[in-house]
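Below, each chain spelled out in residue letters.
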2 protein chains.
Amino acid sequence: MTSQALGFSLNSVIASETVQVCELPLSLVLLSQDATYPWLMLVPRRPDIAELADLSRHEREMLMEEIVQASTALKEVTGCDKINVATFGNMVAQLHCHVIARFHVDAAWPKPVWGIAPPRPYETAARDALLTKLRQKLAAA
Amino acid sequence: MTSQALGFSLNSVIASETVQVCELPLSLVLLSQDATYPWLMLVPRRPDIAELADLSRHEREMLMEEIVQASTALKEVTGCDKINVATFGNMVAQLHCHVIARFHVDAAWPKPVWGIAPPRPYETAARDALLTKLRQKLAAA
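Source: prediction; values computed, not measured.

Secondary structure summary: chain A contains 3 helices and 5 strands in total. Written out in order from the N terminus, the α and β elements of chain A read α-β-β-β-α-β-β-α. Across its three principal directions, the C-alpha atoms of chain A cover 40 × 35 × 25 Å. By residue count, 54% of the 141 residues in chain A fall in the buried class. Taking all contacts inside chain A whose residues are at least 6 apart in sequence as the whole, residues at least 24 apart take part in 56%. For chain A, the exposed area adds up to about 6,500 Å²; of that, 54% sits on carbon and sulfur atoms. Across chain A, the centroid of the 13 positively charged side chains sits 5 Å from that of the 15 negatively charged ones.

Let us look at the interface of chain A and chain B. Contacts between the two partners involve 30 residues from chain A and, on the opposite side, 30 residues from chain B. Summed over both partners, the interface of chain A with chain B buries about 2,800 Å², with 61% contributed by carbon and sulfur atoms. Applying the counting rule to chain A against chain B returns 6 salt bridges. The closest approach of N and O atoms between R60 of chain B and E65 of chain A, which form a salt bridge, is 2.7 Å. At the junction of chain A with chain B, the criterion picks out 20 residue pairs in polar contact (both at pLDDT 80 or more).

Our next topic: the relation of the copies chain A and chain B. For the match of chain A to chain B, the screw axis carries a shift of 0.0 Å, the RMSD comes to 0.0 Å, and the turn is 180°. Such a combination of rotation and displacement between the chain copies is what one expects of a two-fold axis. Among all residues of chain A, the minimum C-alpha distance to the rotation axis is found for A86 of chain A, at 2.0 Å. When the interface residues of chain A are mapped onto chain B, 100% of them are again interface residues, pointing to one common binding face.

All names here are of chain A. Taking 1.5 Å as the rise per residue, helix α3 (residues 124–140) with 17 residues should run 24 Å; its terminal C-alpha atoms sit 24 Å apart, in good agreement. Within α3, burial applies to L130, L131, L134 and L138. Relative to the axis of α3, the buried residues are bounded by an arc of 105° and lie together on one face. Pointing more than 90 degrees away from the buried face of α3 are the exposed residues A125, Q136, A139 and A140. On the buried face of α3, the contacting elements are β1 (18–23), β2 (27–32), β3 (39–44) and α2 (57–78).

Reading guide: rules and limits
Residues numbered from 1 in each chain as written. Chains lettered and ligands numbered in written order. Predicted model: local features only at pLDDT ≥ 70, side-chain atom pairs only at ≥ 80, totals over all residues. Heavy atoms only, no water. Helix = DSSP H or I, 4+ residues; strand = E, 2+ residues; numbered from the N terminus. Buried < 20%, exposed > 50% of the residue type's maximum accessible area, 1.4 Å probe, protein only. Contact = heavy atoms within 4.5 Å. Areas by Shrake-Rupley, 256 points an atom, 1.4 Å probe, with all protein chains shown as cover. Lys, Arg positive; Asp, Glu negative; His and termini not counted. Charge placed at Lys NZ, Arg CZ, Asp CG, Glu CD. Buried area = accessible area lost by both parts, 1.4 Å probe. Salt bridge = Lys/Arg side-chain N within 4 Å of Asp/Glu carboxyl O. Polar contact = N/O pair within 3.5 Å; in protein donor to acceptor, adjacent residues only side chain to side chain. Least-squares fit on C-alpha atoms with pLDDT ≥ 70 in both. Expected span 1.5 Å × (residues − 1). Arc of directions from axis to C-beta.

Here's what the structure looks like:
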């Protein structure tokens, strides 16, 4: 069953700010185009979901395990000091979960990342190398 | 089995910034003393846990369901427009999960709450009324 067949389509704002890493059983895994922090987003491929409570219990269990898979892959690939996980949906209603690699020396540490540093684009080679490593880790998970 | 018997003790910074709402099977549920936003924190009663990945799969499923119970109670009691959920642990390592009621008219909307408005204390009667309602909802969940 394709994403389209489920009635799901990725919000255009999220799509414009990310590139796709891979698909996990429930979620699209996306990489933020902001190179300031290695930053994944997980978007459950279900239509009309805004809150965690809108998912079924089984889907929530899947999402939690996919958050942990994404966290573990991000930590192994980047060697970060901490993982930050958040879901807000204040600006884009479609449920999306941020999984962010944090370093003691990053632009916002120890604060949350929002509103601190302006987005900075990746160099293409660096972004592609990161995508390759993340895909390998997530495929092995 | 008491929290103490499990080797768990609540971090002193979290304790100083919250009051206890109740205990769920895995987590302590705490109310932030900052009246700017109705704001719960869930702290799994397990020692030495910093990341979601440090919990067992079963404990993560419990935490996810307790986040949804806390979210639902908070939404019903406050009539908020959106629930924000986050776990950072950059300043306090002990795993704690923020569950925050957001309103289209609150001090930070639509941004995340951190670093926007200085903490504002509750009036005791208002805080106690909120605690009573939250305890009733969470006991019924």
